[in-house]
Amino acid sequence: MILLKFEKRDIVLIVGIFLVILGITQYVPFHYSIIIGILVYFGIKLYVGKRTQSIQRDVGEGICMECGSSVSNKKCPVCDSIEE
């Protein structure tokens, strides 16, 4: 499940989409540009949410500071196998 909670950086996104809406009102009617702006906002939020989940799933418990691989069971699979 993707959470679309409001964050502080969303204000920048809203302002940017508002400027896009103002820019495209020259070419399309205002109500269509509002719909396009809303679709862009939720499209970006969904993309960022999926990307964040993907990163959290890949990272797992953390990242090894030596080699950069993901840590599982509080051990690095690469560095701990070299030591043995």
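Residues numbered from 1 in each chain as written. Predicted model: local features only at pLDDT ≥ 70, side-chain atom pairs only at ≥ 80, totals over all residues. Heavy atoms only, no water.

## A word on the overall build of the protein chain
- Each helix and strand in the protein chain was counted, giving three helices and zero strands.
- Taking the principal axes of the C-alpha coordinates as reference, the protein chain spans close to 70 × 25 × 20 Å.
- By the burial criterion, 19% of the 84 residues in the protein chain qualify as buried.
- Residue pairs at least 24 apart in sequence account for 35% of intrachain contacts in the protein chain once pairs closer than 6 positions are excluded.
- Looking at the protein chain as shown, the accessible area adds up to about 7000 Å², and 66% of this sits on carbon and sulfur atoms. (Helix = DSSP H or I, 4+ residues; strand = E, 2+ residues; numbered from the N terminus. Buried < 20%, exposed > 50% of the residue type's maximum accessible area, 1.4 Å probe, protein only. Contact = heavy atoms within 4.5 Å. Areas by Shrake-Rupley, 256 points an atom, 1.4 Å probe, with all protein chains shown as cover.)

## Focus on the packing of helix α1 (residues 10-24) against helix α2 (residues 30-59)
- Following both chains from N to C, one finds α1 and α2 inclined at 150°, their axes separated by 9 Å at the closest point. In terms of axis orientation, α1 runs roughly antiparallel to α2. Every pair of crossing elements has a handedness; the one defined by α1 and α2 is right-handed. Seen from α1, the contacting residues are D10, L13, I14, I17, I21 and I24; seen from α2, they are F30, S33, I34, I36, G37, V40, Y41, I44 and K45.
- Within the contact of α1 with α2, the residues separate by chemical class into eleven nonpolar, two polar and two charged. (Axes fitted to C-alpha atoms, helices over the stretch in contact; angles between N-to-C directions. Parallel < 35°, antiparallel > 145°, perpendicular 65-115°, else oblique. Left-handed = near helix turned anticlockwise from the far one by under 90°. Nonpolar A, V, L, I, M, F, W, Y, C, P; charged D, E, K, R; others polar.)

## Side note on the packing of aromatic side chains
- Counted under the stated rule, the structure contains one aromatic pair.
- Plain terms: the ring middles of Y41 and F42 are 5.2 Å apart, the flat faces sit at 75° to each other, and that makes the pair edge-to-face.
- Under the relative-accessibility criterion, Y41 is labelled buried at 17%. (Phe/Tyr/Trp six-rings, centres within 6.5 Å; stacked < 30°, edge-to-face > 60°.)

## Topic: α1
- Between its terminal C-alpha atoms α1 stretches 21 Å, which fits the 21 Å expected from 15 residues at 1.5 Å a residue.
- Against the buried residues of α1 lie α2. (Expected span 1.5 Å × (residues − 1).)

## Quick word on the confidence of the model for the protein chain
- Mean pLDDT over the protein chain: 85, with 92% of residues reaching 70 or higher.
- Mean pLDDT values for the elements of the protein chain range from 71 in helix α3 (residues 77-83) up to 94 in α1. (pLDDT = per-residue confidence, 0-100.)

## Concerning the environment of K5
- Mapped onto the elements, K5 comes out in the segment before α1.
- Sequence-wise, K5 and K45 are 40 residues apart; in three dimensions their C-alpha atoms are separated by 9.1 Å.
- Excluding anything up to four places from it in sequence, K5 contacts D10 and K45.

## Observations regarding the pattern of salt bridges
- Tallying each qualifying case throughout the model produces two salt bridges.
- Across the pair R9 and E7 runs a salt bridge, and its minimum N-O distance is 3.1 Å.
- By relative accessible area, which is 54% here, R9 ends up exposed.
- A salt bridge links K45 to D10; the nearest nitrogen and oxygen atoms lie 2.8 Å apart. Within this pair, whereas K45 is found in helix α2, its partner D10 is found in helix α1, the two being separated by 35 residues in sequence. In this pair, the class of K45 matches that of D10, namely buried. (Salt bridge = Lys/Arg side-chain N within 4 Å of Asp/Glu carboxyl O.)

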